[in-house]
Amino acid sequence: MAFGPTKNKKKTKAMRQGRNNQAAGPSSADRATATSSDVKLDKARPSEKRPQSKRCPQEKQPEGRGKAPKGPGPYFYISGSNGAELLSIYCQSRGWQRIYDNRREDYALKWCEIKCPENYYHFKEGEQLLYQIPNNGVLTTKIGLLCCLREQERVMKKMSRSNKLLKMKEFFPESFRLDIREERKAFFELSKEGQIWICKPSGSNQGQGIFLLKTPAALHNFQARLHRREENPPNTVPHKAPRARIVQRYIQQPLLLEGKKFDVRSYLLIACTAPFLLFYAQGYLRLSCVNYDATSDDLTVHLTNQSMQKKNPLYRQLKEETVWRMEHFNSYINEKFRKTNGLPKDWVFTVLTKRMQQIMVQCFLAAKHKLDCKLGYFDLIGCDFLIDENFKVWLLEMNANPALHTNCRVLKDIIPPVVYESLDLVLEVFNKRLKGQNVFPLETLSHFVLLYHEDAANPGQKEPWKLRSGLWTGRYLRPHEVNISHFSQSSAKVLKNSSKKLPCSRKKRLSSCSERTAVKKLS
């Protein structure tokens, strides 16, 4: 990546104090509700004293923490095990050096599983890349997404003109918030015998904390438990307070494959937030180990993600059968359902894919005005869809930090290209924005599909990011000398040779014209 050298500003005493005295008190995205999951940025000035924090709680620190990089930067930092090997391979192939100290601020790329306020406080816009938009919980928590979609629908109802947005009932199961008394009351008045409801914590993933309400007795007991908790709130410290939950109408008649329940994992890449640039990446199918039975008390029958299926005693034997390629799914639908259900040929790659993309863009538009926008923020979100027996497509949830493990053959073929092309696109867009160049055509766009381009959707509109774009240099993506004491106040000397050029191993697919037409305007 070619960047011209820039002079580093002299650091004042106040700036040095702000660097060394770092903030504590991180929050976990997995434990949060819609209101608490969004990372609240510390507004303290650098000159104010801040308690020192070595790391984010519950964050697994990478091995080799004490190691110093062996060469000049750029540097990258990874915490946690989710996709760590793939990320490390990618960055090292570019000649980047891995660092193991979360306190360092001279990174080019930082990828953390757990969102920590410290990361966002020290983030330098236009100079660094940081995985996970700080308040992505407006999309990736159950309550956050529900609130955004409801607000979007209220606004659309007030508008007299027609629009292309779907109604919630067309793709999102009926849902109620259990942390609001009026909605709890409405839910228990609505629920009837024979219905099944699924209760989910707002900010969890991998099936954690989920249970089904299938009988009147289960509903009555759950209602009584909520009432007792409301009347006598537990005397616990704030971080152990009960998690906010939603309850959703359970889709009791899902489409089955060889008798097994499944869902579809797709990916939404937010490659840039200044301006917003979104891509769709094809994923895979996740199947249960055993045949579907709506009355079963075994959660592995109802929840098809890999984390849950690993709990089934048959998983080791059937592991390779619990993940299907989309090509396999398409062939199966063509053979088993096309004629009997009157489906078009290749329904999976036409109707289903188009509907999933439409839903993903609509959810993003519902939350767009709430998302933090800084050049360098990017996100990869896992979107889970269910298809019922009438071939209606339902959005189950959107997940931050989706699983990037490659524990079976299909995932070994699918996950690495998703990770590598995501980073390719993020870096290319970031580089072009720094240089003031047009984003399109994209040399690294291969298998992903452009969903939304803010500049094309709002031509001529002056966004805040445009007014400050001239201040960005991307200095941390250039090589610089290794400083033995990375908290030293001396400026890093910039080497004359620029960083490695952006790899372009993939073929160019779209011309500038075809890319412009790929933008979907849904509002």
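Peer 1: Talk me through the overall build of the protein; I want residue IDs and the actual numbers.
Peer 2: A count of helices and strands for the protein gives 16 helices and 14 strands. Considering the protein as a whole, with its 523 residues, one finds that 54% of them fall into the buried category. When contacts within the protein are restricted to residue pairs at least 6 apart in sequence, long-range pairs at least 24 apart make up 72% of them. Accessible area for the protein stands at about 24,800 Å²; split by element, carbon and sulfur atoms hold 51% of it.

Peer 1: Would you mind going over a positive patch on the surface in detail, with residue names and values included?
Peer 2: On the surface, Lys157, Lys167, Lys169 and Lys392 cluster together into a positively charged patch. Here lysine 167 lies in the loop between helix H5 (142-158) and strand S5 (175-177).

Peer 1: Explain the packing of aromatic side chains to me, and be specific about the residues and the numbers.
Peer 2: Tallied over the entire structure, the rule returns 20 aromatic pairs. Ring centres of phenylalanine 176 and phenylalanine 187 lie 5.8 Å apart, and the angle between their planes is 45°; on these two criteria the pair is classed as tilted. On the criterion of sequence distance, the pair formed by phenylalanine 176 in strand S5 and phenylalanine 187 in helix H6 (residues 181-190) is long-range, its members being eleven residues apart. Look at phenylalanine 176 and you get buried, because its relative accessible area is 10%. Pairwise contacts between aromatic rings join Phe176, Phe187, Phe188, Trp197, Phe211 and Phe222 into one cluster.

Peer 1: For the packing of helix H11 (residues 326-336) against helix H12 (residues 348-367), give the residues involved together with the corresponding values.
Peer 2: Interaxial distance between H11 and H12 falls to 10 Å at its minimum, and their mutual angle equals 115°. Contact residues: H11 offers Met326, Glu327, Phe329, Asn330 and Ile333, while H12 offers Val348, Phe349 and Leu352. Residues belonging to the contact of H11 with H12 are distributed by class as follows: six nonpolar, one polar and one charged.

Peer 1: Could you give an account of the side chain of glutamate 183, naming the residues involved and the relevant values?
Peer 2: In this structure, glutamate 183 sits in helix H6. On the accessibility criterion, glutamate 183 (15% relative accessible area) is buried. Among the polar contacts listed, one links the side chain of glutamate 183 to the side chain of arginine 150, at a separation of 2.6 Å. Not counting residues up to four positions away in its chain, the partners in contact with glutamate 183 are Arg150, Ser175, Phe176 and Arg177.

Peer 1: So what's going on with the sheet that holds S5? Which residues, and what values?
Peer 2: Each strand in a sheet pairs with another by means of backbone hydrogen bonds, the pair being arranged parallel or else antiparallel. With antiparallel pairing, the four strands of this open sheet are ordered in space as S5-S8-S6-S7. At either margin of the open sheet sits one strand with a lone partner, and together these are S5 and strand S7 (211-213). Neighbouring strand axes in the sheet, compared pairwise and without regard to direction, differ in orientation by 25° on average. Its contacts with the sheet put helix H7 (residues 216-231) on strand S6 (197-201) and S7, and the angle it makes with S7 is roughly 115°.

Cut-offs and rules
- Residues numbered from 1 in each chain as written.
- Predicted model: local features only at pLDDT ≥ 70, side-chain atom pairs only at ≥ 80, totals over all residues.
- Heavy atoms only, no water.
- Helix = DSSP H or I, 4+ residues; strand = E, 2+ residues; numbered from the N terminus.
- Buried < 20%, exposed > 50% of the residue type's maximum accessible area, 1.4 Å probe, protein only.
- Contact = heavy atoms within 4.5 Å.
- Areas by Shrake-Rupley, 256 points an atom, 1.4 Å probe, with all protein chains shown as cover.
- Patch = residues over 30% accessible without salt bridge, like charges linked within 9 Å, V, L, I, M, F, W, Y side chains within 5 Å.
- Salt bridge = Lys/Arg side-chain N within 4 Å of Asp/Glu carboxyl O.
- Lys, Arg positive; Asp, Glu negative; His and termini not counted.
- Charge placed at Lys NZ, Arg CZ, Asp CG, Glu CD.
- Phe/Tyr/Trp six-rings, centres within 6.5 Å; stacked < 30°, edge-to-face > 60°.
- Axes fitted to C-alpha atoms, helices over the stretch in contact; angles between N-to-C directions.
- Nonpolar A, V, L, I, M, F, W, Y, C, P; charged D, E, K, R; others polar.
- Polar contact = N/O pair within 3.5 Å; in protein donor to acceptor, adjacent residues only side chain to side chain.
- Pairing = 2+ DSSP bridges.

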